[in-house]
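A look at the structure
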Amino acid sequence: MRFLIDFFPIGLFVAAYKLHDIYTATAVLMLATLVQTGIIYAIDRKLQTLHKVTLVLVIVFGALTLFLQDERFIKWKPTVLYASMAIVLGAALWIWKKNFLQLLLGSQLTLPDGVWARLTVIWIGYFLFMAAINAYVAAYFSTEFWVNFKLWGYAFPLVFIVGQGLYISRYLKDEDGVEKS
């Protein structure tokens with residue numbers, strides 16, 4: 001269910017682009033992200049930082065796209081988001097000596113500190129990869145290609161989630177408190 005909520009805005013964005021143009025799609029993305037954020041808040045009674053940042057970036061970059069009639073803003077929004085997340089996680093880990101990933105997910109997962117540190121570095125690498133690949137596609141390919149990439153690019157987070165699940169599974173404990181092997 002959560003995947004459908006996460007996929008909802010991008011699915012509507014692609015559909016609106018295919019039926020109309022990038023500007024209609026941008027307006028649809030802005031509205032869909034507002035609805036998505038409302039749904040998440042209604043379910044969880046709170047918003048994660050990532051949801052707040054995504055909403056602000058979609059609204060700001062979407063408004064710039066529509067106001068200036070320049071599609072580059074909406075195309076570069078994912079790069080800014082991913083790079084920002086990598087910078088925040090990296091600065092927190094290496095400068096402030098805080099593991100934001102552990103602070104966010106530590107109540108749901110019990111992992112050794114070293115695993116949290118490696119997991120955070122993996123997330124930083126993932127965010128940098130996603131920022132770089134979006135920047136490359138946004139800079140060197142057509143808007144049509146970029147929109148298709150946004151749709152089919154959902155394979156990257158799915159592979160990443162499965163990969164990290166496999167990585168951390170060996171560190172999870174069963175109901176008796178015994179580490180799985």
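For the structure given in this document, a descriptive report is provided here.

Each value, and the rule that gives it
- Along each chain, residues carry numbers from 1 onward, in the same order as the chain's sequence is written.
- In view of the model being predicted, local features appear only for residues whose pLDDT reaches at least 70, and side-chain atom pairs are presented and counted only at 80 or more, with totals across whole chains, interfaces and linings using the full set of residues.
- Note that the side-chain values use all heavy atoms of the structure and ignore hydrogens as well as water.
- Numbering of helices and strands runs from the N terminus, with a helix taken as a DSSP run of H or I at least four residues long and a strand as a DSSP run of E at least two residues long.
- Accessible area is worked out with a 1.4 Å probe on protein chains only. A residue is then buried under 20% of its type maximum, exposed over 50%, and partly exposed in between.
- Note on areas: these come from Shrake-Rupley sampling with a 1.4 Å probe, and a residue is covered only by the protein chains present in the view.
- Here a salt bridge means any side-chain nitrogen of Lys or Arg lying within 4 Å of a carboxyl oxygen belonging to Asp or Glu.
- Residue contacts follow a heavy-atom distance rule, with two residues in contact if any of their heavy atoms lie within 4.5 Å.

**With respect to the overall build of the chain**
- Looking only at helices and strands, the chain has 8 helices and 0 strands in total.
- Taken across its 181 residues, the chain has 38% of its residues classed as buried.
- If you sum the accessible surface of the chain, you get close to 10600 Å²; carbon and sulfur atoms cover 69% of it.

**What to know about the pattern of salt bridges**
- For the coordinates displayed, the defined rule picks out 3 salt bridges.
- Where K18 meets E144, a salt bridge forms, and the shortest distance between an N and an O atom there is 2.8 Å. Placement of the pair is K18 in helix α1 (residues 2-19) and E144 in helix α7 (residues 143-152), with a sequence separation of 126 residues.
- By relative accessible area, E144 is classed as partly exposed at 36%.
- Notably, a salt bridge pairs K75 with E71, separated by 3.9 Å at the nearest N-O pair.
- With relative accessibility at 25%, the residue E71 sits in the partly exposed group.

**Some remarks on the environment of F7**
- With respect to the secondary-structure elements, F7 resides in helix α1.
- Residues F7 and Q36, 29 residues apart in the sequence, show an inter-C-alpha distance of 9.4 Å.

**Examining the side chain of T37**
- Structurally, T37 can be placed in helix α2 (residues 22-44).
- Contact partners of T37, with chain neighbours within four places excluded, come to L47 and L55.

**Observations concerning unusual backbone geometry**
- Even without being a glycine, Q69 presents a positive backbone phi close to 50°.
- Here Q69 shows up in the loop between α3 (49-68) and α4 (72-94).
- A relative accessible area of 48% means that Q69 is categorised as partly exposed.
- Positive phi, normally seen in glycine, also occurs at K97, with a value near 55°.
- Tracing the backbone shows K97 in the loop between α4 and α5 (100-105).

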